[in-house]
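# Coordinate inspection notes
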Amino acid sequence: METISDIQEMQRRCLKARADGQTIVLVPTMGYLHEGHLSLMREGRKRGELLVLSIFVNPAQFGQGEDLDRYPRDFERDEAMARECGVDLIFYPNAEAIYPDGYSTYVTVEGVLTTTLEGASRPTHFRGVTTVVTKLFTIVMPHVALFGSKDFQQLAVIRRMTEDLNLPVEIIGMPIIRENDGLAMSSRNVYLSEEERHQSLALVETLRNSVAAVAAGEKSANRILDRAEAILSAQKDLIIDYVKICNADTFEEVDAIDESSVMLLAAKVGKTRLIDNSYLMEQG
Ligand code: AMP
């Protein structure tokens, strides 16, 4: 397994792989890997000859006062986990290389997709994501890129951008990987104290309760949201950022539940911001 930090060297390496007829698969991450990331790498391993993991804590997707400075990092641990998953190449650039002095170009997806939910709470977040993903695509030149549906809205934004800009990359969405007790895996879970970790389970409990209500015949989004808010509000250190039920394609809020309805939620537990989501009906 190689590690490359230099952008031009990475481009040369990937152009050579393409010229040799290799399929390049990219798994973009911010590092501090967990089973969620590993599931993307294992799937990626099956889909091409050159499996590239990028590790870059992207300053452009963090807002003022967010956790950029304390975001967990451990390159050696990540390297060992990547090797286990059969990664061929880690792209590990630094922020000065990605955003040198004078850097002025940003990619934005406009409309509801980027202004609701995460976009409403974190106004510059998706602009940072789409910009860095575009740069990763032009540096690594992947045929295939994998993203987790833990970041459900991000996946939709990246699909939209890829289609709109005719980027020749196949986007693969992967299921959410959870801890045994149901908490969605996240690099940020290490911030949680034992008590906060316990209260965080209200997120998955809310999703499960909502899925069960729909299975029992409830179709009213408002009634489901009332129950959801009650479950979340019962936790003393949890502050709801949003809990909404949207159409998975348009991200418009819905009144009546159908197959394309997804519940998306974000909350702060202590100082840690967590997100989770689930379709409310079984996907067939
Ligand atoms: P991050 O390092 O948090 O930017 O995540 C990198 C990629 O891993 C993104 O595509 C995430 O959606 C995905 N990911 C993060 N957590 C999970 C999870 N629990 N299950 C599946 N994918 C995940």
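Here goes a summary of the coordinates provided. Quick caveat, the model's predicted, so the values are computed rather than measured. (Residues numbered from 1 in each chain as written. Predicted model: local features only at pLDDT ≥ 70, side-chain atom pairs only at ≥ 80, totals over all residues. Heavy atoms only, no water.)

### Overview of the pairing of strand β6 (residues 170–174)
Relative to β6, strand β5 (residues 144–148) runs parallel, the two being bridged by five bridges. Note on β6: the bridge partner recorded for A145 is I171. (Pairing = 2+ DSSP bridges. Helix = DSSP H or I, 4+ residues; strand = E, 2+ residues; numbered from the N terminus.)

### Overview of the site of the ligand
As a structural note, the neighbourhood of the ligand is formed by 16 residues, with H37, G148, D151, I177 and M185 the closest of them. The separation between an oxygen atom of the ligand and a polar main-chain atom of G148 is 2.9 Å. Between the ligand and the protein, one listed contact pairs a nitrogen atom with a backbone N or O atom of M185 at 2.9 Å. Look at the ligand: alone it shows 490 Å² of surface, and the protein chains cover 93% of it. Listed by contribution, the elements that provide at least two residues to the shell around the ligand are β2 (24–29), α2 (35–46) and β5. (Near = heavy atom within 4 Å. Polar contact = N/O pair within 3.5 Å; in protein donor to acceptor, adjacent residues only side chain to side chain. Areas by Shrake-Rupley, 256 points an atom, 1.4 Å probe, with all protein chains shown as cover.)

### A few points about the sheet that holds strand β7 (residues 238–247)
Here we have three strands laid out as an open sheet, ordered β7-β8-β9, and antiparallel in their pairing. In the strand order of this sheet, the two ends are held by β7 and β9 (272–279), each with one partner. Pairs of neighbouring strands in the sheet enclose a mean axial angle of 15°, with direction left out of account. As paired elements, strand β8 (residues 261–269) and β9 share eight bridges and run antiparallel to each other. (Axes fitted to C-alpha atoms, helices over the stretch in contact; angles between N-to-C directions.)

Any functional reading would require information beyond the geometric quantities listed.
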